[in-house]
Every structure is written in C-alpha cells, then in structure tokens.
Amino acid sequence: MSVTVFPTKSNLLSTKKSLSLAMLGYDLMDRKRNILIREMVSLIDEAKSIRGEIEVTYEKAYKALQDTNVTLGLIQNIANGIDVENGVNITYRSVMGVEIPKVSFESTLPKALYGFVGTNSRFDVAYTSFEKAKQYTIILAEVENSVYRLANEIKKTQRRANALNNIIIPRFEETIKFISESLEEKEREEFSRLKVIKNQHSD
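The paragraphs below set out a description of the structure included in this document. (Residues numbered from 1 in each chain as written. Predicted model: local features only at pLDDT ≥ 70, side-chain atom pairs only at ≥ 80, totals over all residues. Heavy atoms only, no water.)

**A word on the nonpolar core**
- Among the nonpolar cores identified, the biggest contains 15 residues, and Leu36, Ile50, Val143 and Leu150 are the most heavily contacted of them.
- Going through the elements one at a time, α1 (9-72), β2 (98-105) and α3 (121-202) are the ones with two or more residues in this core.
- If we skip the residues at most four places from it in the chain, Leu36 touches Val95, Met96, Val98, Leu150, Glu153, Ile154 and Thr157.
- Core analysis: the second largest hydrophobic core is formed by eight residues, Leu12, Ile176, Ile179 and Leu183 among them. (Core = buried A, V, L, I, M, F, W, Y, C linked by side-chain atoms within 4.5 Å. Buried < 20%, exposed > 50% of the residue type's maximum accessible area, 1.4 Å probe, protein only. Helix = DSSP H or I, 4+ residues; strand = E, 2+ residues; numbered from the N terminus. Contact = heavy atoms within 4.5 Å.)

Here it is in structure tokens:
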C-alpha cells in the first residue's frame, strides 16, 4: 500500500469529504444505470414486437407484388412514377442526459400516387402493405437507434461506477484508515511523553 498524504487532521477531514462525494457519485451512477436499463429493456421488447409485425407485413407485400407482376407484368414504370418520400423528421429527447431520437413521419407525397388504369387490386394490396412496412421501419429505426445509444451510455456509466466502487472509494477508505491510525499513534506517543514529563516533575 502506498499512501502519499501527510497524516494531519485537515487531510483527514478533506479525505472524508472526498469519500462522501465519491460515494454520492457512485449512488447517482448506479441510479442512472438502473433507469437507463429499464428504458432499454422496454425498448427491446418494443423492437421485438415491431420486427414481428414487419416480417408479416413484408411477407404479405412481396406476395402481393409477385401476384401483381404475374397479372400485370413488371410494374417498373409505375414504380418509377412515384416520387421519393421526404416526410421523415428527427427530433431528440433526453433520458438521463442521453439524446434519444424521436422520428416523426408526415408524407410529402400526394394521396393519389397512381391511376386505376393499368393497376389492379393486387397492386393496391402490395402498395398498402409496403406503405405499412415503411411506417413500421421508421418506428423500428427510432427504437433500435435508441437501444444502441442507451446501451453505449450504460457501458460508460457502468465503467465509471466500477472505477468509483473498486478503485477510488477503497483508496479514500485506505487513506482515511492510514491517517486515523497515524494520528492515534501520534496521540499515544504524545500522551506517553507527557506522562514521562509529569513523572519526572513529580520526582
């Protein structure tokens, strides 16, 4: 053990204060970690549910697209006539200092994207299914990005908490013990010295 602090009462008080702050810091880190874990677990459950919905929706969409291609032939020209969607917007909310994305969607496309001439009901099913899949994909992107950010912050918080609990707090406790024992030893020596002086004077 290597303690590089002088065993004085002021250093003892200072180290005790530092220990108190370190313990408070560890408590706050532990609470933050638990809150972030709860948030992440709820989002993971949500992501699992959305993935299931996406799989079903895409399966239905591709089946309808295959039927459309069989009944109408390749529909590349119809697809090329539909503009790119630009209605996705991202804002952020803070969870214990972690910026979590909030994705909103408001379509920039006109309601009637294609005419009824040259299409059929299977095309309608394919289009609505892919539209639904797009909505799910937007939500899933928000949730999975949030999980990723939370997981990273949980790792950082855990590392800081471990450093406080396993290194910094024990070091302060060790220093306090060293100073306390040194001061007690000094007091005993002083008491013994005074006792010797008193005995000499009494003689």
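**What to know about the pattern of salt bridges**
- Under the criterion given, the structure shown has 10 salt bridges.
- Lys32 serves as the salt-bridge partner of Glu153, at 2.9 Å between the closest nitrogen and oxygen. One end of the pair, Glu153, is in helix α3; the other, Lys32, is in helix α1, with 121 residues separating them in the sequence. For the pair Glu153 and Lys32, a shared accessibility class is recorded, and that class is buried.
- Residue Glu39 is joined to Arg93 by a salt bridge in which the shortest nitrogen-to-oxygen separation is 3.0 Å. Of the two residues, Glu39 sits in helix α1 while Arg93 sits in strand β1 (residues 88-95), which places them 54 residues apart along the sequence.
- By relative accessible area, Glu39 is classed as partly exposed at 21%.
- One salt-bridge network, in which partners are shared between bridges, spans Lys32, Glu153 and Arg160. (Salt bridge = Lys/Arg side-chain N within 4 Å of Asp/Glu carboxyl O.)

**Regarding the environment of Arg93**
- Residue classification places Arg93 among the partly exposed positions, given a relative accessible area of 36%.
- Those residues within four positions of Arg93 in sequence are excluded, and the remaining contacts are Glu39, Val98, Glu99 and Ile100.
- Here Glu39 takes part through its side chain, which lies 3.0 Å from a polar atom of the side chain of Arg93. (Polar contact = N/O pair within 3.5 Å; in protein donor to acceptor, adjacent residues only side chain to side chain.)

**A short note on the pairing of β1**
- Relative to β2, β1 runs antiparallel, the two sharing eight bridges. Within β2, the position partnered with Val88 by the bridge is Phe105.
- The turn joining β1 and β2, which pair antiparallel and follow one another in sequence, is formed by two residues; a positive phi near 50° is taken by Met96. (Pairing = 2+ DSSP bridges.)

**With respect to unusual backbone geometry**
- The backbone phi angle of Met96 is positive, close to 50°, even though this residue is not glycine.
- Under the relative-accessibility criterion, Met96 is labelled partly exposed at 39%.

Any link to function would need more than the numbers given here.
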